[in-house]
Each structure stands twice: as C-alpha cells, then as structure tokens.
Amino acid sequence: MKELLTYIARSLVDHPDEVSVTERTQDAETVFEVRVAEGDMGKIIGRQGRIVKEIRVLMKTVAQRQGKKVSVEVLD
C-alpha cells in the first residue's frame, strides 16, 4: 500500500524526488504520512481538499480488501 500511495503522490507533484511516505502503526491502524515539497502542497490537497479526500477513499478501499485500517496524513 505504501508503494501505491507513493506512486500516486509522485504522479501529482512537480518535484517527485521530494515525496516521502512514512508508515507507522497506531493502535490497530496504519498511518501513512506524506511529505512533499512546499510548492506541491496544493497539488496534493486540491481545491477544498478534494484530491486528498479521494486519495484517502482509495487507500481505505484497498485496506478494507486486505482487512486492515489505514489513514493518510499530509504533513508540511
């Protein structure tokens, strides 16, 4: 799942080399933290948060099929 999220984030931004995705476990949930270049924050978040919302929906769908719980956080 981390690879999928990394691929999506790198496809959206102008500086794909500066994308980093870290994975940590919190209780029974996996949390993915996405960091991008400062100028690319808007491309990941989108207008009114639409893009990041759809990324979260996609990741939750993949996780449900595997019987897991995930969340995605975009950090600056």
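For the structure, check the block above.
Residues numbered from 1 in each chain as written. Predicted model: local features only at pLDDT ≥ 70, side-chain atom pairs only at ≥ 80, totals over all residues. Heavy atoms only, no water.

### Considerations on the pattern of salt bridges
Oppositely charged side chains can form a pair if their charged atoms are brought close together.
Item 1. Summed over all chains, the structure comprises three salt bridges.
Item 2. In this structure, Lys43 engages Asp14 in a salt bridge whose closest nitrogen and oxygen atoms are separated by 3.5 Å. Placement of the pair is Lys43 in helix α2 (residues 41-45) and Asp14 in the loop between α1 (2-12) and β1 (20-26), with a sequence separation of 29 residues.
Item 3. A relative accessible area of 52% places Asp14 in the exposed class.
Item 4. When the shortest N-O distance is used, the salt bridge between Glu73 and Arg24 registers 3.6 Å. Of the two residues, Glu73 sits in strand β3 (residues 70-75) while Arg24 sits in strand β1, which places them 49 residues apart along the sequence.
Item 5. Residue Arg24 is classed as partly exposed on the basis of its relative accessible area of 32%. (Salt bridge = Lys/Arg side-chain N within 4 Å of Asp/Glu carboxyl O. Helix = DSSP H or I, 4+ residues; strand = E, 2+ residues; numbered from the N terminus. Buried < 20%, exposed > 50% of the residue type's maximum accessible area, 1.4 Å probe, protein only.)

### Some thoughts on the environment of Thr22
Item 1. For Thr22, the position within the fold is in strand β1.
Item 2. By relative accessible area, which is 36% here, Thr22 ends up partly exposed.
Item 3. Between the alpha carbons of Thr22 and Phe32 there is a distance of 5.7 Å; along the sequence they are ten residues apart.
Item 4. If we ignore the near neighbours within four places in the chain, the residues touching Thr22 are Val31, Phe32 and Glu33. (Contact = heavy atoms within 4.5 Å.)

### Looking at the nonpolar core
Taken as a class, soluble globular proteins show a tendency for nonpolar side chains to be buried jointly.
Item 1. One finds Leu5, Val19, Val21, Phe32, Val34, Val36 and Met59 to be the most contacted residues of the largest nonpolar core, which totals 16 residues.
Item 2. Elements supplying a minimum of two residues to this core: α1, β2 (29-35), α2, α3 (50-65) and β3.
Item 3. Once residues within four sequence positions are removed from consideration, Val34 is found in contact with Leu5, Ala9, Ser20, Val21, Val72, Glu73, Val74 and Leu75. (Core = buried A, V, L, I, M, F, W, Y, C linked by side-chain atoms within 4.5 Å.)

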